[in-house]
Amino acid sequence: VDAFQAWCGPCKTVADLFRKIRNEVGSDLLHFAVAEVDSIDALEKYRGKCKPVFLFYAGGELVAVVRGANAPLLQKTILEQL
């Protein structure tokens, strides 16, 4: 989940990375979503920051968090979680 604030916007460059990895591993294993933290109370702790936050969930549980648009770290985290 790309957790963003409306004034900062979702990280569009990372969406391309997710699409690339999703095409490589298959669409059943990886799902990408964006969430505006200003409108979701459960994501309140991610408000007030311009740096994007990427939340990784498996089985309904938060399993990893990556702060910032660090493509190599995001790719590593995705592949580790898969």
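Above this text sits the structure in question.
Note that the structure is predicted; figures quoted are calculated from it, not measured.

## Topic: the environment of D2
Next up, step 1: Here D2 lies in strand β1 (residues 2-4).
Next up, step 2: Taking the C-alpha atoms as reference points, D2 and I21, 19 residues apart in sequence, are found 15 Å from one another.

## Some remarks on the pattern of salt bridges
Next up, step 1: According to the stated counting rule, one finds four salt bridges in the structure shown.
Next up, step 2: Here D16 makes a salt bridge to R19, at a shortest N to O gap of 2.7 Å. Linking D16 with R19, this pair stays in helix α1 (residues 12-25), spanning three residues, or about one helical turn.

## What about the nonpolar core?
Next up, step 1: With 11 residues, the main nonpolar core is built from V14, L17, F18, I21, L30, F54, F56, A64, V66, L74 and I78.
Next up, step 2: Listed by contribution, the elements that provide at least two residues to this core are α1, β3 (53-58), β4 (61-67) and α2 (71-81).
Next up, step 3: With four residues, α1 is the single largest residue contributor to this core.
Next up, step 4: Once you skip the residues sitting within four places of it in the chain, A64 turns out to touch F54, L55, F56, T77 and Q81.
Next up, step 5: Counting residues in each nonpolar core, the second largest holds seven residues, with A3, A35, L43 and V53 among its members.

## Notes on the pairing of β4
Next up, step 1: Note that β3 and β4 share six bridges and pair antiparallel. Pairing of Y57 across the sheet is with L62, part of β4.
Next up, step 2: Connecting β3 to the next strand, β4, in antiparallel fashion are two residues, including G59 with a positive phi near 60 degrees.

## A closer look at a nonpolar patch on the surface
Next up, step 1: Among the surface-exposed residues, L29, L79 and L82 lie close enough to one another that they form a single nonpolar patch of about 290 Å² accessible area.
Next up, step 2: Among the structural elements, L79 can be located in helix α2.
Next up, step 3: Classification of L79 as partly exposed rests on a relative accessible area of 44%.

Reading the values: rules and limits
Residues numbered from 1 in each chain as written. Predicted model: local features only at pLDDT ≥ 70, side-chain atom pairs only at ≥ 80, totals over all residues. Heavy atoms only, no water. Helix = DSSP H or I, 4+ residues; strand = E, 2+ residues; numbered from the N terminus. Salt bridge = Lys/Arg side-chain N within 4 Å of Asp/Glu carboxyl O. Core = buried A, V, L, I, M, F, W, Y, C linked by side-chain atoms within 4.5 Å. Buried < 20%, exposed > 50% of the residue type's maximum accessible area, 1.4 Å probe, protein only. Contact = heavy atoms within 4.5 Å. Pairing = 2+ DSSP bridges. Patch = residues over 30% accessible without salt bridge, like charges linked within 9 Å, V, L, I, M, F, W, Y side chains within 5 Å. Areas by Shrake-Rupley, 256 points an atom, 1.4 Å probe, with all protein chains shown as cover.

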